[in-house]
Amino acid sequence: MNFLASSASDLVKNLESGDVSSGDLTRVFLDRIDSCNGQVRAFSSVTAEAALAQAEELDERRSGGQAVGKLAGIPLAVKDVLCTKGQLTTCGSRMLSSYAPPYDATVIARLRAAGAVLLGKTNMDEFAMGSSTETSFHGPTANPWDRGRIPGGSSGGAAAAVAASMAPLSVGSDTGGSIRQPAAFCGVVGLKPTYGRVSRYGLVAFASSLDQVGPLAATAEDAALLLEVIAGHDELDSTSAELPVPSYSELLAEPLQGLRIGIVESHFADGLDGEIEASVRRAITLYEQLGATVHPVELPHSRYAIATYYIIASCEASGNLARYDGAHYGHRTDEGRMLEELAEERRMLVEAGDSAGAEQIDGPLVRMYRRTRAEGFGDEVKRRIMLGTYALSAGYYDAYYLKALKVRRRIRDDFDAAFQQVDVIAGPVTPTPAFALGERMDDPLAMYLGDLYTVSANLAGLPALSLPCGFSDSGLPIGLQLQAPPFEEARLLRAAHQFQQETDWHARRPSLVEES
Amino acid sequence: MSLSLADVQKVAMLARLQLSDADLERMTSQLGQIVDYVNQLAELDTENVSPLSHAGELVNVFADDNPRPSLTRAEVLSGAPKQDEECYRVPAVLGE
């Protein structure tokens, strides 16, 4: 049996019926990682021993007739932004390159309780800031469909791991599209849940009012299974919603007859790649054949979404990343060299007769912070911290941060009005297919502008899903985005599942040559 | 260009980042472009719009005041670059 090509939902059945043990299934995926990760670099760390120990313990429980969880024995990859007790959690940053947290994130605790076997941690843009997984301290992840191209980001490793059959399921995080955009570029399903649907406890914070954890999988059915396990209220995250979690898997088959799909025509305007437009429009036509109706809607403020997003996200990031001070955990600069540098600077200022300058020089603690942060953070993280610090500084707060929060309200109001008329909004995930490695690294603004279709869902707190809906002539996956009102994940998963009953885009896999 | 080198130097200090001269120059140009781009928000009238800081719009989430076990001191200090088993150790804060 080819377990690598099986869905997680089928693997659950294989494990239940005894076709395969958890230990053997884990070995199948660890072998696959061994032979493919060198080419794709989806994982930044692999915890083979812990995975096998976990799998064998599950096998014993199962053979002893004890109850096992919903994901018992299913191998799974986790983005390196979720805290795993005693295991590296680097966030793709030199700052945390040897950090092993003393506790598990709530999502990790829930996965362990459900019996999921954690294979390792997946590569990401540093602190989840980026759209290409190129800003990682570990180096870039490659797109399994074309290794000269980026996998998307920031959850690029999580998407590439599923696309390359190195894990049937993975967990990512999405602050402005970081699950959906790599899912689109790698040809897998990615869901950003409603803000508050999944606990953020133990998710290393980037922008706290936008961050959300969610599933990546080959099929909507598998994404539903994973969401059921990780969603729900958590008293350790006061922003998590006190709402029951629906049985997403059981709601997938409900017919789409009468589903009202909204289309925003301006999303198909200049700048959208022609092949993406054609695939997305064909997908919408298929929904009509499945009984849905299509209606034009407007989101007049969505053209301001990128500017609004980059102000709010950077402001929140500049505060959240203040915790990396070289004192509590993570990297610290070499103290001896730091003190020598200070003494030398002071000596030179005194020699030059600049006694005022010598008085104003950094104290040792401040210099320790500054050198630690200069060494520990990469360029993109520094840019975001600088932008956020600037926008929040005296004299600019009203013009940038407060203004952006007001536009955010307008963006949310647009969605609320649109969802009076339709049940979901369908459109592209990205304006282009996966771009070449290095192509946008020297042009941060060009990188940001690629996020125009995804950031609004984070600003408005809505659930949004990306699913494969075609390929470019050059063989690159194309994604369809579906957005719904808050807490309507079931609607998105059902629409995606039924699309996948009629199409086989999700069943295609890149050809990677296994290296021994 | 909306940002000067001096602006960027000041922000680097506020953000506790030590940037080289080359970094400061590059940052001035890149941040300038980004700030010019986000300045487009100024064209929107948001006079009577209330700011939306949080999509959930929750207020005052209280938890029962039940003590429960927390991480031990050793666990909390385990990741520290420098510690003495009781406290974090940092360079002198007050003069030498």
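Keep in mind it's a predicted model, so treat the numbers as computed, not measured.

Caption draft 1: Up close: the overall build of chain A. Within chain A, the regular secondary structure consists of 17 helices and 11 strands. For chain A, the C-alpha radius of gyration of 23 Å lies close to 24 Å, the compact-globule estimate for 516 residues. Here the C-alpha coordinates of chain A stretch approximately 80 × 55 × 45 Å along the principal axes. Counting across all 516 residues of chain A, residues that qualify as buried make up 65%. Across chain A, every contact between residues at least 6 apart in sequence was considered, and the portion connecting residues at least 24 apart equals 76%. For chain A, the exposed area adds up to about 17300 Å²; of that, 48% sits on carbon and sulfur atoms.

Caption draft 2: Spotlight on a nonpolar patch on the surface. Residue and element names in this part refer to chain B. Together, Val90, Val93 and Leu94 make up a nonpolar patch on the protein surface, roughly 310 Å² of accessible area in all. Here Leu94 lies in the segment after helix H3 (73-77). The exposure class assigned to Leu94 is exposed, which follows from its relative accessible area of 71%.

Caption draft 3: Structural detail: the sheet that holds strand S3 (residues 117-122) of chain A. Residue and element names in this part refer to chain A. Spatial ordering of the open sheet is given by S1-S3-S2-S4-S6-S5-S10-S11-S9-S7-S8, a layout of 11 strands whose pairing is mixed. Looking at strand neighbours, the two that pair on one side only are strand S1 (43-46) and strand S8 (293-296), the edges of this open sheet. Direction aside, neighbouring strands of the sheet carry axes that sit 30° apart on average. Inspection of the sheet shows strand S5 (residues 189-192) paired to strand S6 (residues 212-217) by 2 bridges, in the antiparallel sense. For Gly190, the partnering residue across the bridge sits in S6 and is Leu216. Its contacts with the sheet place helix H2 (residues 22-40) against S1, strand S2 (75-79) and S3, and it is angled at close to 20° to S3.

Caption draft 4: Local environment of helix H1 (residues 8-17) of chain A. Residues and elements named next belong to chain A. Ala8, Ser9, Leu11, Val12, Asn14 and Leu15 are the residues of H1 that are buried. Of the surrounding elements, those touching the buried residues of H1 are H2, helix H3 (48-63), strand S4 (169-174) and helix H7 (220-230). Where H1 ends, the next residue or the one after it, Gly18, has phi of about 80°, a positive value.

Caption draft 5: Expanded view of the domain arrangement of chain A. Residues and elements named next belong to chain A. With domains assigned, chain A is organised as domain 1 (3-240 + 254-265 + 420-507) and domain 2 (306-401). For domain 1 versus domain 2, the distance between C-alpha centres works out to 33 Å. Contact with domain 1, which involves 27 residues of that partner, is made by 25 residues of domain 2. Across the domain 1/domain 2 interface, buried area totals approximately 2400 Å², and carbon plus sulfur atoms make up 67% of it. When the area that domain 1 buries against domain 2 is broken down by residue, the three leading residues are Met95, Met129 and Tyr448, summing to 32%. In this structure, the connection of domain 1 to domain 2 is made through 12 residue pairs in polar contact (both at pLDDT 80 or more). Counting only elements with at least two residues in the side of domain 1 that touches domain 2, the list comes to helix H15 (444-449) and helix H16 (455-460).

Caption draft 6: Structural view of the interface of chain B and chain A. Across the contact, 54 residues belong to chain B and 66 residues belong to chain A. Summing both sides of the interface, chain B and chain A together bury roughly 5600 Å²; the carbon and sulfur share of this comes to 65%. Among the residues chain B hides against chain A, the three largest losses belong to Gln18, Leu41 and Leu52 of chain B. Together they make up 13% of the total. Where chain B meets chain A, there are 4 salt bridges. Summed over the shared surface of chain B and chain A, the number is 21 residue pairs in polar contact (both at pLDDT 80 or more). Among the elements of the structure, helix H1 (5-14) and helix H2 (21-38) of chain B are those that each provide at least two residues to the side of chain B that touches chain A. Top contributing element to the side of chain B that touches chain A by residue count: H2 of chain B, with 9 residues.

Caption draft 7: The packing of aromatic side chains, seen in detail. Residue and element names in this part refer to chain A. Scanning the entire structure with this criterion turns up 17 aromatic pairs over all chains. Note on Phe471 and Trp505: the rings are 6.2 Å apart at their centroids and 45° apart in plane angle, and the pair reads as tilted. Taken together, the residues Phe471 in strand S10 (residues 464-471) and Trp505 in the segment after helix H17 (489-502) connect sequence positions 34 residues apart. Of the aromatic side chains, those joined through ring pairs into one cluster are Tyr99, Phe127, Tyr324, Tyr329 and Phe377. The ring of Phe268 is capped by Arg281, whose NZ or CZ atom sits 4.2 Å from the centre of that ring.

Caption draft 8: Focus on the pattern of salt bridges. Residue and element names in this part refer to chain A. All told, the structure shown has 31 salt bridges over all chains when counted by the stated rule. Across the pair Glu228 and Lys70 runs a salt bridge, and its minimum N-O distance is 2.8 Å. With Glu228 in helix H7 and Lys70 in the loop between H3 and S2, this residue pair connects regions lying 158 residues apart in the sequence. Taking the relative accessible area as the measure of exposure, Glu228 reaches 13% and is therefore buried. Where Glu380 meets Arg384, a salt bridge forms, and the shortest distance between an N and an O atom there is 2.6 Å. With Glu380 and Arg384 both in helix H13 (residues 379-392) and 4 residues apart, this pair spans about one turn of that helix. The pair formed by Glu380 and Arg384 is uniform in burial state, with each residue classed as buried. In this structure, a network of salt bridges that share partners links the residues Glu341, Glu345, Asp362, Arg367, Arg370, Arg371 and Glu375.

Caption draft 9: Molecular detail of the state of the cysteines. All names here are of chain A. Applying the stated criterion to the full structure yields 0 disulfides over all chains. Cys83 takes part in no disulfide bond, and the closest cysteine sulfur, belonging to Cys91, lies 7.4 Å away. As a non-bridged cysteine, Cys469 has Cys186 as the owner of its nearest cysteine sulfur, 15 Å distant.

Caption draft 10: Local environment of the pairing of S4 of chain A. Residue and element names in this part refer to chain A. Across the 6 residues of S4, 6 count as buried, placing the element largely inside the fold. Covered by surrounding structure in S4 are Leu169, Val171 and Ser173 together with Ser170, Gly172 and Asp174, the residues of both alternating faces. Relative to S4, S2 runs parallel, the two being bridged by 3 bridges. What sits directly across from Val78, in S4, is Val171. Pairing geometry for S4 and S6, over 6 bridges, is antiparallel. From the neighbouring strand, Asp174 faces S6, where its bridge partner is Gln212.

About the thresholds
- Residues numbered from 1 in each chain as written.
- Chains lettered and ligands numbered in written order.
- Predicted model: local features only at pLDDT ≥ 70, side-chain atom pairs only at ≥ 80, totals over all residues.
- Heavy atoms only, no water.
- Helix = DSSP H or I, 4+ residues; strand = E, 2+ residues; numbered from the N terminus.
- Rg over C-alpha atoms; globule rule 2.2 N^0.38 Å.
- Buried < 20%, exposed > 50% of the residue type's maximum accessible area, 1.4 Å probe, protein only.
- Contact = heavy atoms within 4.5 Å.
- Areas by Shrake-Rupley, 256 points an atom, 1.4 Å probe, with all protein chains shown as cover.
- Patch = residues over 30% accessible without salt bridge, like charges linked within 9 Å, V, L, I, M, F, W, Y side chains within 5 Å.
- Salt bridge = Lys/Arg side-chain N within 4 Å of Asp/Glu carboxyl O.
- Pairing = 2+ DSSP bridges.
- Axes fitted to C-alpha atoms, helices over the stretch in contact; angles between N-to-C directions.
- Domains from an automatic or database assignment.
- Buried area = accessible area lost by both parts, 1.4 Å probe.
- Polar contact = N/O pair within 3.5 Å; in protein donor to acceptor, adjacent residues only side chain to side chain.
- Phe/Tyr/Trp six-rings, centres within 6.5 Å; stacked < 30°, edge-to-face > 60°.
- Lys NZ or Arg CZ within 6 Å of the ring centre and 35° of its normal.
- Disulfide = S-S within 2.5 Å.

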